Amino acid sequence: MIGYIIRRLLQSLVVVFGVTVITFILLHMLPGNPIRAILGTRASAQAVRQLTIEYGFNKPLIVQYFIWLGNLLQGNLGYSYKLNQTVTSLLAQRIPKTLFLTGSAAILAIILAIPAGMWQAVRRNKPDDYVGTGLIFIFYSMPTFWLGLIMIIIFSETLGWFPSEAPQDQISLFSQLNGMVLPVATLTLVTLALFTRYMRSSMLEQSIQDYVRTARSKGVSNRAVLFKHVLRNALLPMVTLIGLSIPGILSGSLVTETVFNYPGMGLLFYQAAESDDFPTLLGVTLVVAIATVIGNLVADILYAVVDPRIRYVS
Amino acid sequence: MGVTITPADVDPSGVGFRGPSGDGVPEGGEGYSSGAAWKMVLRVFIENKLAIVGLGMIVLMTLFCFVGPLIYKTQQVFNNPAIANKPPGPGHLLGTNPVGYDVLGRLMLGGQTSLEIGFAAAIIAVLIGVIWGAAAGLAGGIVDAVMMRIVDAFLAIPFLFLLIVLGAIFTTSILELIIVIGLVAWLVPARLVRGETLSLRVREYVQAVKVMGGGTRRILFRHIIPNTVGTIVVNATFQVADAILYVATLSYLGLGVPPPATNWGHQLANGLSYVYAGYWWLIYPAGIAIIITVVAFNFVGDALRDALEVRLQSR
């Protein structure tokens, strides 16, 4: 078990290293000269030269990479000249908001997906399963921004129940929870489609296993088979689901934050892309990538903890 | 509440973890040596009602976009502000948009772009992925490890984020958009094909080719890649669906195709400004067109995967 965790940890470190290399390459593919981007087009040649030396842009690329990596390890993600703040402090303001949005949506989605997926598996190929499957496919195939928009039209414009814009500052986040209803609902619906499909498959996969046949032939009731045997085992892969779905949820959050103007990390990223604020753009990319790697790692470790069979494979 | 399920009905991999989850790998010599197995795939596919519905939807959508403009003729080159924002009615079945284009005609034109980008990006993604994955799997050892860690590192960056960074770096034309999506989406097929290659390359017939003096290229293109074709087709189907959604989202974020070119996402994004004006015909048709198309490709992909798994199980 310990060996497995150490091996996975080392693999993850390699991947994170790879991500930093990719980010660094992207940083150097950026259009224009970063010094000019900082100083503007009218800066004197001397100022440009001074800053070039100060930032180490005159050094070979590989040296620049390690300087950048060294800064990164000290938590220095660069400076946003557009927003006049360090990227680290920007992230510190925005990450909690994104965590609040994605966390609520993920928890709601999983609470709803387990019974929904169970119901579909039990009612397999009956009309209500077809309706459920169809609905899930529709939500899965819907552009997230469009779903958000429909929510605004129905619940904000027509019914007037909830505001169309998310709360803007820290204080009102919890006091104006009704502003969070539509963003959370949008992200939940998108995530729910994914989770329910997963749960349904997991239930179906378990229900054809030999132990189910054994239980049934012993005369265990259908209800007991379903809840005591199938459900328990079907929940095992669900443990990994939240970890594995981090990239999906963060992408959904990016769009949801943009639609509802919710000042999280996704909106920061989008605005950085719009305004060519590359340090911020790549800072968020790096954070999101590391979150994904950690999600995968935690999912694998959790799965090994709850399912001892995994530890002996590979 | 009775749960009676036969193995053939089970779809072990849900939408969330697409791709063949079975451990089995197609066997056989060169390409489609086993015709009977493929006939069975076809039969299972046809028996799946959702697959037929999906295929029908794709055909109808393609006809709508490419043949539709021949029947329903509209002016889509010069705009006419005099007839802007007209609600649906005779003459303009789905109304007109803020610059006076006919919405239904625009929908057909935008659909052409969306479908073309979807298909082209899927083909690029699958081509790169197959060659990369098969080469890594066949090479093995340190080359494989390095190649796959590169894939892992790119996969760690969520697609949408990577797309937006690339979209912000490259100015977008349709061609560049196709390349950017293709360059992001090849990672999953690469991983799938590499997995299959690993188990294919130790098969007797591949060993036999080696013993007989067959070169690496022959093994790769005549024996490995043809045997991964099932996986590739299933993945390509999902890739088309994903690409259409990515284009829509990028267009909404303002990183899509610049005007005068249009696509469904672009039309939706433009319609958003008129939500509060109540111009529903600018918002629903394009959204519904996207959903129908993406749902259709997902239905077909799911059914193809199920059919393929039946082929594997039946051996």
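Chains are numbered independently. Their residues run from 1 in the order of the written sequence. Whichever chain is written first becomes A and whichever ligand is written first becomes 1, with later ones labelled in order. Local features in this predicted model are restricted to residues of pLDDT 70 or higher, and side-chain atom pairs are both shown and tallied only at a pLDDT of 80 or more, whereas totals for entire chains, interfaces and linings draw on every residue.

**Examining the overall build of chain A**
A run of H or I in DSSP counts as a helix once it spans at least four residues, and a run of E counts as a strand once it spans at least two, with each numbered from the N terminus. A count of helices and strands for chain A gives 15 helices and two strands. Along the first, second and third principal axes, the C-alpha set of chain A runs to 85 × 55 × 30 Å. Counting other C-beta atoms within 10 Å of its own, a residue is labelled buried from 20 upward, exposed at 12 or fewer, and partly exposed in the gap between, with every C-beta atom placed from the backbone. Counting the 314 residues in chain A, one finds 40% classified as buried. Contacts in chain A between residues at least 24 apart in sequence constitute 71% of all its contacts with a sequence separation of at least 6. The contact criterion used is a C-beta to C-beta distance within 7 Å, with each C-beta placed from the backbone.

**Some words on the overall build of chain B**
Scanning chain B from terminus to terminus reveals 13 helices and zero strands. Put simply, chain B runs from its N terminus to its C terminus through helices and strands in the order α-α-α-α-α-α-α-α-α-α-α-α-α. Looking at chain B as a whole, 49% of its 315 residues qualify as buried. Considering only contacts in chain B between residues 6 or more positions apart, those separated by 24 or more positions represent 73%.

**With respect to the interface of chain B and chain A**
If you look at the interface, chain B gives 48 residues, while chain A gives 54 residues. Each residue is assigned to one of three groups, with Ala, Val, Leu, Ile, Met, Phe, Trp, Tyr, Cys and Pro labelled nonpolar, Asp, Glu, Lys and Arg labelled charged, and all others, Gly among them, labelled polar. Grouping the amino acids of the side of chain B that touches chain A by side-chain chemistry returns 36 nonpolar, nine polar and three charged.

**Examining unusual backbone geometry**
Residue and element names in this part refer to chain A. The phi torsion at Asn-261 lies on the positive side, around 55 degrees, for a residue other than glycine. Considering the arrangement of structural elements, one finds Asn-261 in the loop between α12 (246-260) and α13 (265-274). Asn-261 gets classed as partly exposed once you count the C-beta atoms within 10 Å, which come to 13.

**Some thoughts on the nonpolar core**
Soluble globular proteins tend to bury their nonpolar side chains together. Core analysis: the biggest nonpolar cluster contains 162 residues, and Phe-269 of chain A together with Leu-163, Ile-181 and Ala-243 of chain B have the highest contact counts within it. Counting residues per element, this core draws most heavily on helix α4 (residues 103-139) of chain B, which supplies 17 residues. Residues within four places of Ile-181 of chain B in sequence aside, it is in contact with Ala-121, Leu-163, Ala-243 and Tyr-246 of chain B. To count as a nonpolar core, a set of buried Ala, Val, Leu, Ile, Met, Phe, Trp, Tyr and Cys residues must be joined through C-beta atoms within 7 Å.

**Some thoughts on the environment of Val-234 of chain B**
Relative to the assigned elements, Val-234 of chain B resides in helix α11 (residues 229-252). Each C-alpha atom of the pair Val-234 of chain B and Leu-109 of chain B lies 27 Å from the other, and the pair is 125 residues apart in sequence.

**Thoughts on helix α2 (residues 49-66) of chain B**
Residues and elements named next belong to chain B. A helix's residues, less one, multiplied by 1.5 Å, set its expected span. The terminal C-alpha atoms of α2, which comprises 18 residues, lie 26 Å apart, in line with the 26 Å expected from a rise of 1.5 Å per residue. Within the sequence span of α2, burial applies to Ala-51, Gly-54, Phe-64 and Cys-65. Considered in projection along α2, the buried side chains sweep an arc of 155 degrees and stay on one side of the axis. Of the exposed residues in α2, those oriented more than 90 degrees away from the buried face are Lys-49, Val-59 and Leu-63. When we speak of the arc, we mean the arc of directions from the helix axis to the C-beta atoms.

**Topic: the packing of α12 of chain A against helix α14 (residues 278-306) of chain A**
Residue and element names in this part refer to chain A. Simply put, an axis is a line fit to the C-alpha atoms, just over the touching stretch for a helix, and the angle between two N-to-C directions goes from 0 to 180 degrees. Packing of α12 against α14 brings their axes to within 9 Å, and their N-to-C directions diverge by 145 degrees. In contact with Ile-246, Pro-247 and Leu-250 of α12, α14 contributes Val-288, Ala-291, Thr-292 and Gly-295. When the residues that make up the contact of α12 with α14 are grouped by side-chain class, the tally is five nonpolar, two polar and no charged.

**Side note on the packing of helix α9 (residues 204-211) of chain B against helix α10 (residues 216-227) of chain B**
Residues and elements named next belong to chain B. Between α9 and α10, the shortest axis-to-axis distance is 11 Å and the interhelical angle comes to 150 degrees. Regarding α9 and α10, the two cross each other, and that crossing is right-handed. Of the residues in α10, those in contact with Tyr-205, Val-206, Val-209 and Lys-210 of α9 are Arg-218, Ile-219 and His-223. By convention, the crossing between two helices is left-handed when the near helix turns anticlockwise from the far helix through less than a right angle, and right-handed when the turn is clockwise.

**Some remarks on helix α6 (residues 159-169) of chain B**
Here α6 of chain B lies mainly inside the structure; nine of its 11 residues are buried. Those residues of α6 of chain B that fall on the buried side of the exposure criterion are Leu-160, Phe-161, Leu-162, Leu-163, Ile-164, Val-165, Leu-166, Gly-167 and Ala-168 of chain B. Residues of α6 of chain B that are buried in the fold lie against α1 (2-29), α12, α13 and α14 of chain A together with α7 (174-185) and α11 of chain B.

**Considering the confidence of the model for chain A**
Predicted confidence across chain A gives a mean pLDDT of 79, with 90% of residues reaching 70 or more. At the level of individual helices and strands, chain A shows its lowest average pLDDT in helix α8 (residues 170-175) of chain A, which scores 58, and its highest in α12 of chain A, which scores 87. On a scale of 0 to 100, pLDDT captures the predictor's confidence in every residue.

**Considering the confidence of the model for chain B**
All names here are of chain B. The share of residues in chain B with pLDDT of 70 or more is 72%, and the mean pLDDT across the chain is 74. By mean pLDDT, the top-scoring element of chain B is helix α5 (residues 141-156) (86), and the lowest-scoring one is helix α1 (residues 35-47) (69). Low pLDDT, under 50, characterises residues 1-33; the stretch is placed with 72 contacts to residues that sit more than four places away or in other chains. Model confidence for the complex: the whole-complex pTM is 0.78, and ipTM, which rates the interface, is 0.82.

**Notes on the environment of Val-130 of chain B**
Residues and elements named next belong to chain B. For Val-130, the position within the fold is in helix α4. Val-130 sits in the buried class, given 26 other C-beta atoms within 10 Å. For the pair formed by Val-130 and Ile-290, sequence separation is 160 residues and the distance between their alpha carbons is 28 Å. Those residues within four positions of Val-130 in sequence are excluded, and the remaining contacts are Pro-189, Val-193, Ile-225, Thr-228 and Ile-232.

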